[in-house]
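Per-entry structural report
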Amino acid sequence: MQTAYRALILIPLCTSLSACANAGWLPSFLRSDPSAPMQAAQLQEDEPAPHIIPAAFVQSVPVMTVASVTPMPSAKPVRNKTTKSPTQRVTAANLAALQEPSADGYINAIQVYNFSDGALYRLYAAPQEVSDIALQPGENLTAISAGDTTRWVVGDTTSGSGPTKQVHVLAKPYAAGLKTNLVITTDRRSYHLELQSTTDAFMAAVSWTYPQDNLVKQMASAVVPASPTDGLPAIENLHFGYAISGGNVAWKPVRAFDDGTRVYIEFPKALAQGDAPPLFVSGPNGDHDLVNYRVRGSYYVVDQLFTQAELRYGQDHQQVVKIKRTAPLQTADARTTQAQ
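For every chain, the first residue of the written sequence is number 1, and numbering continues from 1 along that sequence. Residues qualify for local features only when their pLDDT is at least 70, as the model is predicted, and side-chain atom pairs are given and counted only at 80 or more; totals for whole chains, interfaces and linings, by contrast, use all residues. No hydrogens and no water enter the side-chain calculation; it runs on all heavy atoms of the structure.

Moving on, we get to the nonpolar core. Each nonpolar core is a collection of buried residues, namely Ala, Val, Leu, Ile, Met, Phe, Trp, Tyr and Cys, held together in the definition by side-chain atoms within 4.5 Å. Accessibility here uses a 1.4 Å probe with only protein chains present; expressed as a share of the type maximum, an area under 20% marks a residue as buried, one over 50% as exposed, and anything in between as partly exposed. By size, the foremost hydrophobic cluster in this structure holds 23 residues, and its most contacted members are I133, L182, I184, Y191, L193 and W208. Elements are defined by DSSP. Helices are runs of H or I of four residues or more, strands are runs of E of two residues or more, and each kind is numbered from the N terminus. Among the secondary structure elements, those contributing two or more residues to this core are β4 (120–125), β8 (166–173), β9 (179–186), β10 (190–197) and β11 (205–209). Between two residues, a contact is recorded if the distance between any of their heavy atoms is within 4.5 Å. Sequence-distant contacts of I184, that is, excluding residues within four places in its chain, are made with I133, L135, L141, A143, V169, R189, S190, Y191 and L193. In this structure, V249, W251, V321 and I323 belong to the second largest nonpolar core, which totals 17 residues.

Moving on: the pairing of strand β15 (residues 279–282). Of the two faces of β15, both are covered, the one formed by L279 and V281 as well as the one formed by F280 and S282. Note: two strands are recorded as paired if DSSP finds a minimum of 2 bridges between them. Across three bridges, the pairing between β15 and strand β19 (residues 308–313) is antiparallel. By the bridge assignment, F280 is partnered in β19 with E310. Here three bridges tie β15 to strand β16 (residues 288–290), and the two strands are oriented antiparallel to one another. Its bridge partner being in β16, S282 is matched across the sheet by H288.

One open sheet holds the six strands; their spatial order is β2-β3-β11-β5-β8-β7, and the pairing between them is mixed. Every other strand in the sheet has two partners, leaving β2 (106–107) and β7 (152–159) as the edge strands with one partner each. Where strand β3 (residues 110–114) meets β11, five bridges bridge the pair, whose relative direction is parallel. Within β11, the position partnered with I110 by the bridge is A205.

Now for unusual backbone geometry. Excluding glycine, a negative phi dihedral is what most residues carry, and trans is how most peptide bonds are arranged. You will see that N108, though not glycine, has its phi angle at about 60 degrees, which is positive. Phi at Q128 takes a positive value of approximately 65 degrees, unusual for a residue other than glycine. Considering the arrangement of structural elements, one finds Q128 in the loop between β4 and β5 (131–134). Since its relative accessible area comes to 70%, Q128 is described here as exposed.

Everything listed is a geometric property; what it means functionally is a separate question.
Printed below as a string of structure tokens:
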């Protein structure tokens, strides 16, 4: 009974309060606007009070200096070393092939290079001085070509004769500080030289060794004895009017002849196996003088003409062979006079 009574009292009260909340007579701050969205109020926190640090504490703290950081340089692209221009490749190849004079390569005043195909050889020259470029003996010159023929004087000459004839190319600059190149062609090879003139330093002579030559051919030609008649005039200018007499010994000469200047005495092969007998020339008074001669293979080469000579061998029992001229004496000068 009491519960029902309380419910009857609360229902009218709630209804009246709801009506009062929507009543227009309420102040604006108490009215509820159903169309306005509900917003949450933002609470502002109080700012913290600043902390005051005592001056004594600040002074006791060491001050650290921060070093400035140098910025890292930007990485440059790595260029491939092989990517060179054509002119750079040419310059690099010439420098690699250039042979400079060395102290070990000098023989007296001659700089001796080792010849190699395609190499460049340096020659230092000076004004008022001539530099000699000596080629291989027996090598025949074909052509000479210089880059600068206006300020360089280039010529050629020879020395020796026959198989030892040697070509010499001569070079001389007009002033110091000049550069040019020189190409020499022969019947055997080509030489490439770089010429440079200085104030006073110059190379007196340049020559080469030739390691690429056939060593077997060189050795074979070296062991072949030179003929004693090398360089002689024609055979019709030789005189064979000599008689050989004496004991029949193993070293008895085969023949004797002269060229108007020297007498050649040919021995058998057995001469190389025994002692060579000395040669004496008979004088007009019957005396005998030992003369100068040299042995070339199986020949005696006597550097004078004679009428009679003797070959003697042994001490107690001498073996003697006489050589006597049977034809009139005819010197080389006399033949020249007759020819004129």
